[in-house]
Amino acid sequence: WFGLLRDGSIGANSRVSELFINRLDCNSTFVRSEQIKLLRDTNFNSATLSLGGLKNKSDIRYELSGIGSNLGVFMATHGTGSRHDDCHIEIDHKVGKNTSQVEVHAACDGKSRTIGTGLLKISDNAQKTDAGQVFRNLLLSDKAKAESIPELEVLADDVSANHGAASAPLDSKQIFYLQSRGIDEKVARDLIVQGFLMDAFRDFPSKNLVEKIKTLLVVHLDCDLM
């Protein structure tokens, strides 16, 4: 098993983009716990590509305690076999004039299961906050399961806050369309999964890291690393 613990703050006027990749062995257990504070005029963007491990549990919490801070959390998960991925994301807006965005996409195949929970808290001092979270799930198997539970706790009255969750099976019409263009069924499925997961990073600011994510995802799907 592998555990990751991070606790710290992003200094004022910082610009940080990071990428976390889980490619652990398919029999591994992974535990991730993070608590990060954003100070004044901070831009922090975190991307996660979760592909490995059998049992995965993440608890990730952010506190926006400085005016003018901006947070982006982007995550893509691919479940195969009996893989289990449970992630909780909590964002606490302590002061106003901040923004946060959460985008989580999960594609589940085999008997895999993903659970995504998000708690967005906006205190009564956090006026002019703009925050949102979206969870999207693509079910590739009748035995796969995906649960998404976004929550809002809003105490301020001059804010923009939204949340959403959606789950859908693989569209057979898309598979048929690609096959009619001479594409093999497995390749067609992989292309759809790749596009769905990559869409989670469409607003991630680092193009170099996005290209790295795309390369790793293509290799993962082509070689069946799981």
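Refer to the structure printed above.
Heads up: these notes are all about the structure in this document. (Residues numbered from 1 in each chain as written. Predicted model: local features only at pLDDT ≥ 70, side-chain atom pairs only at ≥ 80, totals over all residues. Heavy atoms only, no water.)

## With respect to the packing of aromatic side chains
Where two aromatic rings form a pair, the distance of their centres and the angle of their planes describe that pair.
Okay, step 1: The full count for this structure, using the stated rule, is 4 aromatic pairs.
Okay, step 2: Here Phe2 and Phe30 contribute two aromatic rings whose centre-to-centre distance is 6.0 Å and whose plane-to-plane angle is 15°, an arrangement assigned as stacked. You can see Phe2 sitting in strand β1 (residues 2-10) and its partner Phe30 sitting in strand β3 (residues 29-38), a full 28 residues away along the chain.
Okay, step 3: With a centroid separation of 5.8 Å and an interplanar angle of 15°, the aromatic rings of Phe20 and Phe30 are classed as stacked. Remark: Phe30 occurs in strand β3 and Phe20 occurs in strand β2 (residues 15-22); sequence separation between them is 10 residues. Phe30 carries the same exposure label as Phe20, and that label is buried.
Okay, step 4: Among the aromatic side chains, those forming a connected cluster through ring pairs are Phe2, Phe20 and Phe30. (Phe/Tyr/Trp six-rings, centres within 6.5 Å; stacked < 30°, edge-to-face > 60°. Helix = DSSP H or I, 4+ residues; strand = E, 2+ residues; numbered from the N terminus. Buried < 20%, exposed > 50% of the residue type's maximum accessible area, 1.4 Å probe, protein only.)

## Looking at the environment of Asp171
Okay, step 1: Positionally, Asp171 belongs in the loop between β12 (160-169) and α1 (172-180).
Okay, step 2: By relative accessible area, which is 33% here, Asp171 ends up partly exposed.
Okay, step 3: Between the alpha carbons of Asp171 and Arg189 there is a distance of 9.7 Å; along the sequence they are 18 residues apart.
Okay, step 4: Within the structure, Asp171 has its side chain in polar contact with the backbone nitrogen of Lys173 (distance 2.9 Å). (Polar contact = N/O pair within 3.5 Å; in protein donor to acceptor, adjacent residues only side chain to side chain.)

## Examining the packing of α1 against helix α2 (residues 185-198)
Okay, step 1: Across the interface, α1 lies against α2 with an axial gap of 9 Å and an inter-helix angle of 125°. Of the possible angle classes, the one that applies to α1 and α2 is oblique. Classified by chirality, the crossing of α2 by α1 is right-handed. Contact residues: α1 offers Gln174, Ile175, Leu178 and Gln179, while α2 offers Glu185, Ala188, Arg189 and Ile192.
Okay, step 2: Looking at side-chain class alone, the contact of α1 with α2 contains 4 nonpolar, 2 polar and 2 charged residues. (Axes fitted to C-alpha atoms, helices over the stretch in contact; angles between N-to-C directions. Parallel < 35°, antiparallel > 145°, perpendicular 65-115°, else oblique. Left-handed = near helix turned anticlockwise from the far one by under 90°. Contact = heavy atoms within 4.5 Å. Nonpolar A, V, L, I, M, F, W, Y, C, P; charged D, E, K, R; others polar.)

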